[in-house]
Amino acid sequence: MRFNEKELISLSRQPSERAAELGMRGPKKGDVVKRRLVKLVVNFLFYFRTDEEEPQGALLLEQCRVEREDSLAFSITFLDEAERKYLFECDSQEQCQEWIDSIIKASYEFMRKNLIFYRTEIHRLTGKDPLEQYGIEDETRFQVTSGLHLMPKDI
């Protein structure tokens, strides 16, 4: 996926869902843990040198796995590059769990699954499709499986 550098820098300056100084080790052999300011903005995880305003890098949190490494650390790996692991060290177990939860919830796929779940529940309870009012009820990205369409309760 390609990104415009100026747009990424602008996004990195937006209010974050979570931000903290964490220990971070990159995916390359020989990388060492360095203190970085880490910011979660939408579905991007930006990391900065602690004394700089522009991000040193960004991770798009799609198609990734977040795992707890130990009580104070978690890692992020990407499904298409499982050998590349980013390690993050936190100051407490609670902080570590909060980061893991926030990163999992930041992905488009997580939000899509929630939308489908709540759409189905609302339809089950009311008999109405809540997306119909927006004219997007037939879009495949909002379907449990492509081709599945919600039907009124009384049919």
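Residues numbered from 1 in each chain as written. Predicted model: local features only at pLDDT ≥ 70, side-chain atom pairs only at ≥ 80, totals over all residues. Heavy atoms only, no water.

- Looking at an unreviewed UniProt entry, one finds the protein chain named Pleckstrin homology domain-containing family J member 1, with Oncorhynchus mykiss as its source organism.

1. A short note on the pairing of strand 1 (residues 18–25)
Now for step 1: Note: strand 1 against strand 2 (residues 34–41), seven bridges, orientation antiparallel. Residue pairing for strand 2: M24 is matched across the bridge by K34.
Now for step 2: Across three bridges, the pairing between strand 1 and strand 7 (residues 81–89) is antiparallel. Paired with G23 across the strands is E89, a residue of strand 7. (Pairing = 2+ DSSP bridges. Helix = DSSP H or I, 4+ residues; strand = E, 2+ residues; numbered from the N terminus.)

2. Re the packing of aromatic side chains
Now for step 1: Summed over all chains, the structure comprises four aromatic pairs.
Now for step 2: Between F74 and F88 the ring centres are 5.1 Å apart and the planes differ by 15°, which places this aromatic pair in the stacked class. Of this pair, F74 sits in strand 6 (residues 73–78) while F88 is found in strand 7, placing the two residues 14 residues apart along the sequence. For the pair shown, F74 and F88 are each scored as buried.
Now for step 3: Between the aromatic rings of F78 and Y86, the centroid separation amounts to 6.3 Å while the plane-to-plane angle is 90°, which identifies the pairing as edge-to-face. When sorted by exposure, F78 lands in the same class as Y86, which is buried.
Now for step 4: Directly above the aromatic system of W99 lies the positively charged group of R18, at a separation of 6.0 Å from the ring centroid. (Phe/Tyr/Trp six-rings, centres within 6.5 Å; stacked < 30°, edge-to-face > 60°. Buried < 20%, exposed > 50% of the residue type's maximum accessible area, 1.4 Å probe, protein only. Lys NZ or Arg CZ within 6 Å of the ring centre and 35° of its normal.)

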